[in-house]
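Architecture at a glance
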Amino acid sequence: DIEDKKVDEVLTYKIDRLTRSSKDFYALIEFFEKHGVSYVSVTERFDTSSPSGRLLRNIMLTFAQFEREMTAERIKDKLEQKAIKGLWNGGIPPFGYKKENKKLIVDKKRSKYVKDMFERFIETGSFKEVMKLVREKSLTHPCTNKPMSECCAYHILRNPVYFGKVRWNKIIHNGVHEPIISEDLFLEAQGLTKERLKKKRVYKEYLLSR
C-alpha cells in the first residue's frame, strides 16, 4: 500500500510496536522516507525532523531492543531451570504422553505403540519394519493427526523422554515424568540407529561425493 501511494502516515502506540530491532527499524524508516510516508509514535512525541528528535527516537529504540533481549534471556533462563528440575518445557507432548497440570502423563493407549516401535526396531534391526508397524496401527502425528512420517518415527526412537529424561540445549536431565521404556532398551536402540547412520554414510555412493 505504501508503494502504491495509499498511505500518508504510519502510526503506532509505541515505537516498539513497530519493531524492537534497530536494524529493522532503520530499514523501515528508510522505506517510509523513500515513499514520502511519515512515522508517528502516538505516546512518544518526538519530532524526527530535528537532530534532537532523531536522537530521542534512537534512544527509545535502543531501550526497546534492550528490553526485548532481556525478556528473551529471562525466558531462556526460566526454561533451563524447568529442564533442570525435570519438568516438560511446554509445546505438543511427545507421542505416547499427554499433558496434565503442565506435567507429562503417560497415555496408556499410545505408550503401548511406543514400546512396540522400540521392540520391533531392536528385534529386526530394520527401520522399515518400524514403519510397517506404524502403518499397520495407523499411527498419527501427535500435532497434526496426520499419518506418522518416517521423520517423526525416527525422532521417537531417538528421544530420551521415553526413558524418563528431559533434553534441553543438548543436555539431558532427569525428568519427573514416568518413563515408557527402560534405559537399557533405549540405549540398545541408539546403538542400532548409530550403526545404521554409519553404514549409510560410509558405504553409500553419492553422485557428488568425489
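All right, on to the nonpolar core then. Counting residues in hydrophobic clusters, the biggest one holds 29 residues, and the most contacted among them are Phe 95, Met 117, Phe 118, Met 148, Ile 156, Tyr 162 and Ile 181. Put simply, the parts of the chain that give this core at least two residues each are β4 (103–106), α3 (108–124), α4 (127–136), α5 (150–158) and α6 (183–203). With six residues, α3 is the largest single contributor of residues to this core. In this structure Tyr 162 touches Pro 94, Phe 95, Tyr 97, Val 114, Phe 118, Ile 156, Pro 179, Ile 180 and Ile 181, once residues within four positions along its chain are discounted. With nine residues, the next largest nonpolar core counts Ile 2, Phe 25, Val 37 and Leu 61 among its residues.

Right, let's talk about the side chain of Gln 190 for a bit. On the secondary structure map, Gln 190 appears in helix α6. Those residues in contact with Gln 190 that sit more than four places away from it in its chain are Phe 118, Leu 157 and Arg 158.

Our focus in this paragraph is the packing of helix α1 (residues 22–34) against helix α2 (residues 51–84). One way to put it is that α1 packs onto α2 with a least axis distance of 10 Å and a crossing angle of 140°. One way to sum up the angle between α1 and α2 is to call them oblique. Facing Ser 22, Phe 25, Tyr 26 and Ile 29 of α1, the residues of α2 in contact are Arg 57, Asn 58, Leu 61 and Gln 65. In the contact of α1 with α2, the residues fall into four nonpolar, three polar and one charged.

Scanning the model with the defined rule gives zero disulfides in all. The thiol of Cys 152 is unpaired, and the distance to the nearest cysteine sulfur, on Cys 151, comes to 7.4 Å. Cys 152 sits in the buried class, given a relative accessible area of 12%.

Reading the values: rules and limits
- Residues numbered from 1 in each chain as written.
- Predicted model: local features only at pLDDT ≥ 70, side-chain atom pairs only at ≥ 80, totals over all residues.
- Heavy atoms only, no water.
- Core = buried A, V, L, I, M, F, W, Y, C linked by side-chain atoms within 4.5 Å.
- Buried < 20%, exposed > 50% of the residue type's maximum accessible area, 1.4 Å probe, protein only.
- Helix = DSSP H or I, 4+ residues; strand = E, 2+ residues; numbered from the N terminus.
- Contact = heavy atoms within 4.5 Å.
- Axes fitted to C-alpha atoms, helices over the stretch in contact; angles between N-to-C directions.
- Parallel < 35°, antiparallel > 145°, perpendicular 65-115°, else oblique.
- Nonpolar A, V, L, I, M, F, W, Y, C, P; charged D, E, K, R; others polar.
- Disulfide = S-S within 2.5 Å.

Purely geometric stuff here, so don't read any function into it on its own.
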